[in-house]
Amino acid sequence: MTFNEFRGHFLTRYEAAELSDFAPRALVQHPDVVSVTGFIPGEELYPALQFDREGRPTPGLGALAEQLSPQLADVEIASFCTRPLRSLGGKSPIDWLRAGRPVEIAARAAFAD
């Protein structure tokens, strides 16, 4: 995968703000919006998958990332959120959260499968 292909899965702060209709500052402070760092020096990127077609962030994603961050790097959390897991009935953590399921169970699944 080239960097441009990889980058296509992520948004800059201003792209994410435009998609979500949040001001850039409000986006950074939103509890359900997650950013990753370390790819472009001095810039955070926002995984595009966290926004639905209407630009709404996934409820509980920020809490999930916060619970996992002591053990996993940002990019590992982003990757984890897209993998179907047996312990979540074959759902990915992002789909689990979108269905309104508990954050705590998704967090435990990070180390169960």
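Residues numbered from 1 in each chain as written. Predicted model: local features only at pLDDT ≥ 70, side-chain atom pairs only at ≥ 80, totals over all residues. Heavy atoms only, no water.

Enquirer: Report on the sheet that holds strand 2 (residues 36–40), specifying residues and quantitative values.
Expert: In sheet architecture, strand pairing relies on hydrogen bonds along the backbone and comes in two forms, parallel and antiparallel. Pairing within the open sheet is antiparallel, and its 3 strands lie in the order 1-3-2. Each of the sheet's edge strands pairs with one partner strand only, and the pair in question is strand 1 (10–11) and strand 2. (Pairing = 2+ DSSP bridges. Helix = DSSP H or I, 4+ residues; strand = E, 2+ residues; numbered from the N terminus.)

Enquirer: Help me get a handle on the packing of aromatic side chains, residues and values and all.
Expert: The geometry of two aromatic rings is summed up by the distance between their centres and the angle between their planes. Here the structure, examined in full by the defined rule, presents 0 aromatic pairs. The lysine or arginine in question, Arg101, covers the ring of Trp96, its NZ or CZ lying 4.3 Å from the ring centre. (Phe/Tyr/Trp six-rings, centres within 6.5 Å; stacked < 30°, edge-to-face > 60°. Lys NZ or Arg CZ within 6 Å of the ring centre and 35° of its normal.)

Enquirer: Quick rundown of the pairing of strand 2? Include the residues and the values.
Expert: Sheet topology note: the strand 2/strand 3 (residues 43–47) ladder contains 2 bridges and is antiparallel. Along strand 3, the bridge assignment pairs Ile40 with Glu43. Adjacent in sequence and paired antiparallel, strand 2 and strand 3 are bridged by 2 residues, among which Gly42 carries a positive phi angle near 80 degrees.

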